[in-house]
2 protein chains.
Amino acid sequence: MTSRALPMLDFWFDFGSNYSYLSMMRIESEAARHGIGIRWQPFLLGPIFRSFGWSSSPFVLQKEKGDYTWKDMARQCRRYGLPWQQPTQFPRSAVLPLRIALVGAAQPWMGEFCRRTMAMNFAEDRDIDSPQAMRDLLAALDLPAHRIIEEALSDANKARLRRQTKIAVEKGIFGAPTFFVGDEMFWGNDRLDEAMAFCSGTGAGIHGIA
Amino acid sequence: MTSRALPMLDFWFDFGSNYSYLSMMRIESEAARHGIGIRWQPFLLGPIFRSFGWSSSPFVLQKEKGDYTWKDMARQCRRYGLPWQQPTQFPRSAVLPLRIALVGAAQPWMGEFCRRTMAMNFAEDRDIDSPQAMRDLLAALDLPAHRIIEEALSDANKARLRRQTKIAVEKGIFGAPTFFVGDEMFWGNDRLDEAMAFCSGTGAGIHGIA
């Protein structure tokens, strides 16, 4: 299998999405364990919610669902052994980190960058959508923060993020995280394991034919 | 443990709810395996949706979510080894079967009655909210259909179903299935296993103290 392409899982996420946090913190190690590759697909969930006529996350608009979600998050984080602090601001704006994630999507630092950004939001309750926050985070990873942020803020890259969100709409994405294996869609952290199993199965099938 | 009360799991469901179908078909055998008891809590989900300003299920109102839900249901039914037919009418009205379920909640036929009603809706695509359908179903279980339906349609029992739905609202229930272990709430078939584990853990704790 050395020269063969890995079966690929598309991972659509927004750094403001709490259930994306649960997937983000484990997806890279789980993908490695399954022998599958990740196509990182950062996108803005806000415009999708607005297209449904919602002014914010359903966890904000629907009090009962919101109250439950924070209890569920605390339980799920215990289950996965993840730190958890309910963000004092929710959903947090994440435009700059998502733009940086587009720049980094094919870079070896992508996973670590994404996990640290998620941890800032959901474990440290810190804002993530500021140049200062992102500069510090990138510098802590020994990366050329200035150059990366400049590229992230370029017109071409801004257009890319808008295009990502447009593609998400076209694919029928209505929440995050969402996973795709080819055209097969899986919604929510609760379906990550199923998506991975389906992906490695597909991969095996493809290899079997090749 | 023979003389001790089993730890109890409250199971809030509506026969019109497709994810309640997934839980219904396995909850009794799973509960037995975990050594826990079920408190059956039929309720009407419709009035709760309407209290959110929704005229129907989110799977109807939100096309993208609905499209996904039917694909997810087909996959989940394969996973659990359950028959599946997407209902041509959704969500199906279930007032009479829910009233009968209130009559049967403490009876030994409750589980089988509920599974057969769910199967009519989600495996056979048949209407469930008619006296004829319920009479046939109860008769097939060798039960006194006439007497049970009469009791189900009594004013006292109609009031009980309204009260159930009021209690559901007070408990912060916003969807089905929903499980409670004491005050701890678990929403969705995806949390049934976690609710069961929590319930038997709680039980063990209580027995340990006693």
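Here the structure is a predicted model, which is why all the values come from computation and not from measurement. (Residues numbered from 1 in each chain as written. Chains lettered and ligands numbered in written order. Predicted model: local features only at pLDDT ≥ 70, side-chain atom pairs only at ≥ 80, totals over all residues. Heavy atoms only, no water.)

A.B. asks: Before we go on, may I ask you to explain the interface of chain A and chain B in this structure?
C.D. replies: In many reports, interface size means the accessible area that the parts give up when they come together. Counting from both sides, the interface comprises 19 residues of chain A and, opposite them, 19 residues of chain B. For the pair chain A and chain B, the summed buried surface comes to about 2100 Å²; carbon and sulfur atoms form 50% of the total. Sorting the residues of chain A by area buried against chain B places Y68, R75 and R191 of chain A first, and these three jointly supply 29% of that buried surface. Joining chain A to chain B, the criterion identifies ten salt bridges. (Contact = heavy atoms within 4.5 Å. Buried area = accessible area lost by both parts, 1.4 Å probe. Salt bridge = Lys/Arg side-chain N within 4 Å of Asp/Glu carboxyl O.)

A.B. asks: Could you clarify how one ought to interpret the packing of aromatic side chains in this entry?
C.D. replies: Where two aromatic rings form a pair, the distance of their centres and the angle of their planes describe that pair. Overall, the coordinates contain 40 aromatic pairs over all chains when judged by the stated rule. Both rings, one in Y19 of chain A and one in F59 of chain A, keep their centres 5.9 Å apart while their planes meet at 80 degrees; by these two values the pair is edge-to-face. One end of the pair, Y19 of chain A, is in helix 1 (residues 18-34); the other, F59 of chain A, is in helix 3 (residues 58-61), and 40 residues separate them in sequence. Looking at F59 of chain A, the relative accessible area reads 19%, which means it is buried. Ring geometry for F49 of chain B against W54 of chain B: centres 5.3 Å apart, planes inclined by 45 degrees, an arrangement best described as tilted. Since its relative accessible area comes to 22%, W54 of chain B is described here as partly exposed. Of the aromatic side chains, those joined through ring pairs into one cluster are F11, F13, F15, W40, W109, F113 and F179 of chain A. Just above the ring of F186 of chain B sits the side chain of R75 of chain A; from NZ or CZ to the centre is 3.9 Å. The residue whose ring lies beneath K171 of chain B is F180 of chain B, and the NZ or CZ to ring-centre distance is 4.6 Å. (Phe/Tyr/Trp six-rings, centres within 6.5 Å; stacked < 30°, edge-to-face > 60°. Helix = DSSP H or I, 4+ residues; strand = E, 2+ residues; numbered from the N terminus. Buried < 20%, exposed > 50% of the residue type's maximum accessible area, 1.4 Å probe, protein only. Lys NZ or Arg CZ within 6 Å of the ring centre and 35° of its normal.)

A.B. asks: What's the story with the sheet that holds strand 3 (residues 178-181) of chain A in this structure? I'm lost.
C.D. replies: The pairing of strands in a sheet comes from backbone hydrogen bonds and takes either a parallel or an antiparallel form. Residues and elements named next belong to chain A. The sheet built from four strands is open, its strands ordered 2-1-3-4 with mixed pairing. Each of the sheet's edge strands pairs with one partner strand only, and the pair in question is strand 2 (37-42) and strand 4 (184-187). Taken pair by pair, the neighbouring strands of this sheet meet at an average axis angle of 25 degrees, ignoring direction. (Pairing = 2+ DSSP bridges. Axes fitted to C-alpha atoms, helices over the stretch in contact; angles between N-to-C directions.)

A.B. asks: I would appreciate a short explanation of the pairing of strand 2 (residues 37-42) of chain B in the present structure.
C.D. replies: Each regular strand shows side chains that alternate between the opposite faces of the sheet. All names here are of chain B. With five of six residues buried, strand 2 lies mostly within the body of the structure. Looking at chain direction, strand 1 (residues 8-13) and strand 2 are connected through six bridges and run parallel. Note on strand 2: the bridge partner recorded for F13 is P42. For the segment spanning strand 1, helix 1 (residues 18-34) and strand 2, crossover handedness is right-handed. (Right-handed = clockwise from strand over helix to strand, strands pointing away.)

A.B. asks: I would appreciate a short explanation of the environment of Q89 of chain A in the present structure.
C.D. replies: With respect to the helices, strands and loops of the structure, Q89 of chain A is situated in the loop between helix 4 (63-80) and helix 5 (95-104). C-alpha of Q89 of chain A to C-alpha of G16 of chain A: the two residues are 73 residues apart in sequence and 9.8 Å apart in space.

A.B. asks: What is the right way to read unusual backbone geometry from this model?
C.D. replies: The step from F90 of chain A to P91 of chain A runs through a cis peptide bond, and the omega angle for that step is -10 degrees. With respect to the helices and strands, the residue P91 of chain A is situated in the loop between helix 4 and helix 5. Positive phi is not limited to glycine here, since D142 of chain A has a value of about 60 degrees. Even without being a glycine, D125 of chain B presents a positive backbone phi close to 55 degrees.

A.B. asks: I'm lost on the side chain of R115 of chain B in this one. Help?
C.D. replies: Residues and elements named next belong to chain B. Mapped onto the elements, R115 comes out in helix 6 (residues 110-122). Among the polar contacts listed, one links the side chain of R115 to the side chain of E112, at a separation of 3.1 Å. R115 has contacts with M24, M25 and E28, leaving out every residue within four places of it along the chain. (Polar contact = N/O pair within 3.5 Å; in protein donor to acceptor, adjacent residues only side chain to side chain.)

A.B. asks: Mind showing me how you'd approach the pattern of salt bridges here?
C.D. replies: Within this structure, the stated rule accounts for 36 salt bridges over all chains. Close ionic contact of R75 of chain A with E184 of chain B constitutes a salt bridge, the shortest N to O distance being 3.1 Å. Of this pair, R75 of chain A sits in helix 4 while E184 of chain B sits in strand 4 (residues 184-187), on two different chains. A residue is classified by how much of its surface remains accessible, and R75 of chain A, at 7% relative accessible area, is buried.

A.B. asks: What's the story with the sheet that holds strand 4 of chain B in this structure? I'm lost.
C.D. replies: Residue and element names in this part refer to chain B. An order of 2-1-3-4 is seen for the four strands of this open sheet, with the pairing classed as mixed. Only two strands of the sheet have a single partner each, and these edge strands are strand 2 and strand 4. With strand direction ignored, the average angle separating the axes of adjacent strands in the sheet is 25 degrees.

A.B. asks: Looking at this structure, I do not really get the confidence of the model for chain A. What am I missing?
C.D. replies: Atomic detail in the predicted coordinates should be set aside for any region of low pLDDT. The pLDDT averaged across chain A works out to 93; a share of 94% of its residues lies at or above 70. Note that residues 203-210 of chain A has pLDDT below 50 and, in this model, six contacts with residues that lie over four places away or in other chains. (pLDDT = per-residue confidence, 0-100.)

A.B. asks: Quick question: what am I supposed to make of the relation of the copies chain A and chain B here?
C.D. replies: Each of the two chain copies can be generated from the other by rotation about an axis followed by a shift along it. Rotating chain A by 180 degrees and moving it 0.0 Å along the rotation axis overlays it on chain B with an RMSD of 0.0 Å. Here the two chains are linked by the operation of a two-fold rotation axis. Of the C-alpha atoms belonging to chain A, the one lying closest to the rotation axis is found on D190 of chain A, 3.5 Å away. Most of the interface of chain A is mirrored in chain B, where 100% of its interface residues are also at the interface. (Least-squares fit on C-alpha atoms with pLDDT ≥ 70 in both.)

A.B. asks: Hey, could you run me through helix 6 of chain B in this one?
C.D. replies: Note that an α-helix has 3.6 residues per turn; residues three or four places apart therefore point the same way. All names here are of chain B. Taking 1.5 Å of rise per residue, the 13 residues of helix 6 would be expected to cover 18 Å, and the 18 Å separating its terminal C-alpha atoms lies within 8% of that figure. Here helix 6 lies mainly inside the structure; eleven of its 13 residues are buried. Every buried residue of helix 6 is listed here: M110, G111, F113, C114, R115, T117, M118, A119, M120, N121 and F122. In this fold, the buried residues of helix 6 make contact with strand 1, helix 1, strand 2, helix 5 (95-104) and helix 7 (131-140). (Expected span 1.5 Å × (residues − 1).)

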